[in-house]
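Each chain is listed here by its residues.
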Amino acid sequence: MEMSKTLNEFRVGSVPTVFYIPDFVTESEHHHLLKTIYDAPISKWKSLTNRRLQNWGGVVHEKGLIAQDLPPWLTRITERINEKSGLFPSSVNHVLINEYLPNQGIMPHQDGPAYYPVVAILSLGSPVVIDFTPHPNLSCRVGAHGKGAEEKMSDQEAAVMNSCEWLDNFHPFSIILMPRSLLIFKDMVYSEYLHGIKDSEVHGCNRVVNVTNVQNHGVVQHSSGSVKGLDSDDTFICRANTRVSLTCRVVTKVHKSIFKF
Ligand SMILES: O=C(O)CCC(=O)C(=O)O
Ligand SMILES: [Fe+2]
């Protein structure tokens, strides 16, 4: 990341709380991170049905984080994320490392209330497309301004809800995550959108909002109509390799130990 640039210069798309920073780590750091991740004991990996993950920083419980110090090879990265973004209230204290084979992904989801509503995702390995979709309940929640469902909306509030204003502002969008890039999203994108990665080897790019960031890499292809599920002239990327991502967050409630003395 160029020192002179402010975070705002990395904003992408039409929502104001998504940032895409290319080249956040160097080629050499990329290589060493992957090596260190794969040098971890096999027991460090937890296998899920559609991906593997390593959990660093401790276990997240309902009541907060049973904290464990992050290893220095991770704090070197998380401290840079803290410093360059200026968006976290304290040091990043939790890192989830996800590994995806080319036909694996992660279902559309929200990260939930245990975390401070800022996420920084460092990408390694194969490029992928991450999709953001407005939460199905969004219309109710935005329209009611946080009121309980049983509370009645005023006519004015109902008018706001039905106006094009929010409809125009909340639509699906996608971002290509190149290796070595950092994606940051926060606030309403954290709370009002779902994010997910399709479990297919081909990812459509028609809704990608950061195409200019990836133009030089030659990864985006144009369909001639012969790729399954794509219309002619649709754009797409092919995932040939494994992707590894580091999801860096702050768990606000921290317990040093589960034992009381
Ligand atoms: O791998 C990614 O880019 C997304 C990971 C994610 O959404 C999560 O760990 O909650
Ligand atoms: Fe997530």
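Scroll up to find the structure this text is about.
The rules behind these values
- Residues numbered from 1 in each chain as written.
- Chains lettered and ligands numbered in written order.
- Predicted model: local features only at pLDDT ≥ 70, side-chain atom pairs only at ≥ 80, totals over all residues.
- Heavy atoms only, no water.
- Pairing = 2+ DSSP bridges.
- Helix = DSSP H or I, 4+ residues; strand = E, 2+ residues; numbered from the N terminus.
- Near = heavy atom within 4 Å.
- Polar contact = N/O pair within 3.5 Å; in protein donor to acceptor, adjacent residues only side chain to side chain.
- Areas by Shrake-Rupley, 256 points an atom, 1.4 Å probe, with all protein chains shown as cover.
- Buried < 20%, exposed > 50% of the residue type's maximum accessible area, 1.4 Å probe, protein only.
- Contact = heavy atoms within 4.5 Å.
- Axes fitted to C-alpha atoms, helices over the stretch in contact; angles between N-to-C directions.
- Core = buried A, V, L, I, M, F, W, Y, C linked by side-chain atoms within 4.5 Å.
- Disulfide = S-S within 2.5 Å.
- Donors = N, O, S within 2.8 Å, 3.2 Å for Na, K, Ca; no water.

Undergrad: What should I look at first to understand the sheet that holds strand S4 (residues 58–61) in this one?
TA: Strand pairing in a sheet is mediated by backbone hydrogen bonds. Such pairs are either parallel or antiparallel. Across the sheet, which stays open at both edges, the three strands sit in the order S4-S5-S17 with mixed pairing between neighbours. Sheet topology places S4 and strand S17 (254–255) at the edges, where each strand pairs with a single neighbour.

Undergrad: Please clarify how the site of ligand 1 should be interpreted in this entry.
TA: Within the structure, ligand 1 sits among 13 residues, and Tyr100, His109, His195, Arg243 and Ser245 are positioned closest to it. Within the side chain of Tyr100, one N or O atom sits 2.6 Å away from an oxygen atom of ligand 1. Protein chains shield 97% of the accessible area of ligand 1, which is 290 Å² for the free molecule. Contributions of two or more residues to the shell around ligand 1 are made by strand S6 (94–100), strand S7 (106–109), strand S12 (193–197) and strand S16 (243–249). Of the residues forming the shell around ligand 1, the biggest block, four residues, is contributed by S16.

Undergrad: Looking at this structure, how should I read the pairing of strand S5 (residues 64–67)?
TA: Side chains on a regular strand alternate between the two faces of the sheet. Note: S4 against S5, four bridges, orientation antiparallel. Among the inter-strand pairings, His61 is bridged to a residue of S5, identified as Gly64. Counted along the chain from S4 to the antiparallel partner S5, the turn is two residues long. The pairing of S5 with S17 spans two bridges and is parallel. In the strand pairing of S17, Ile66 is matched with His255.

Undergrad: Would you take a moment to explain unusual backbone geometry for this structure?
TA: Working note: non-glycine residues mostly have negative phi, and peptide bonds are mostly trans. Phi at Arg180 takes a positive value of approximately 80 degrees, unusual for a residue other than glycine. The backbone phi angle of Asp187 is positive, close to 50 degrees, even though this residue is not glycine. Positionally, Asp187 belongs in helix H6 (residues 187–192). The exposure class of Asp187 is partly exposed, given its relative accessible area of 34%.

Undergrad: Looking at this structure, how should I read the environment of Met178?
TA: Residue position: Met178 is located in the loop between strand S10 (173–177) and strand S11 (182–186). Among the residues examined, Met178 registers a relative accessible area of 7% and is labelled buried. Beyond its immediate chain neighbours, meaning those up to four positions away, Met178 contacts Tyr20, Ser123, Pro127, Val214, His217 and Val219.

Undergrad: Sorry, what's going on with the sheet that holds S10 here?
TA: Taken together, the four strands give an open sheet; going across it, the order is S7-S12-S9-S10, and neighbouring strands pair in antiparallel fashion. Two strands close off the open sheet at either side, each with one partner strand: S7 and S10. Put simply, the sheet's adjacent strands are angled 15 degrees from each other on average, direction ignored. Relative to S10, strand S9 (residues 128–134) runs antiparallel, the two being bridged by five bridges. Directly across from Asp131, in S10, lies its bridge partner Ser174.

Undergrad: Any chance you could explain the nonpolar core here in plain terms?
TA: For soluble globular proteins, nonpolar side chains are generally found buried alongside one another. Judged by nonpolar contacts, the single largest core of 32 residues is most densely connected at Val18, Phe132, Ile175, Leu183 and Phe185. Broken down by secondary-structure element, the contributors of at least two residues to this core are strand S1 (18–21), strand S8 (118–125), S9, S10, S11, H6 and S12. If we ignore the near neighbours within four places in the chain, the residues touching Leu183 are Val18, Phe19, Val119, Ala120, Ile121, Ile130, Phe132, Ile175 and Leu177.

Undergrad: Honestly, the state of the cysteines in this entry has me stumped. Any pointers?
TA: Here is the idea: a disulfide is a covalent bond, and it sits between the sulfur atoms of two cysteines. For the coordinates displayed, the defined rule picks out zero disulfides. Take Cys238: it sits in no disulfide, and the sulfur closest to it among the cysteines is that of Cys205, at 9.7 Å. Residue classification places Cys238 among the partly exposed positions, given a relative accessible area of 44%.

Undergrad: Would you explain the coordination of the iron ion (ligand 2) in this entry?
TA: Each donor-metal-donor angle would ideally measure 109.5 degrees in four-coordinate tetrahedral geometry, or 90 or 180 degrees in six-coordinate octahedral geometry. Donor atoms from the polypeptide that coordinate the iron ion (ligand 2) comprise His109 (NE2), Asp111 (OD) and His195 (NE2), at 2.1 to 2.2 Å from the metal. Mapped onto the sequence, the residues coordinating the iron ion (ligand 2) show the spacing H-x1-D-x83-H. For His109, a relative accessible area of 22% gives the class partly exposed. Given the relative accessible area of 14%, Asp111 is considered buried.

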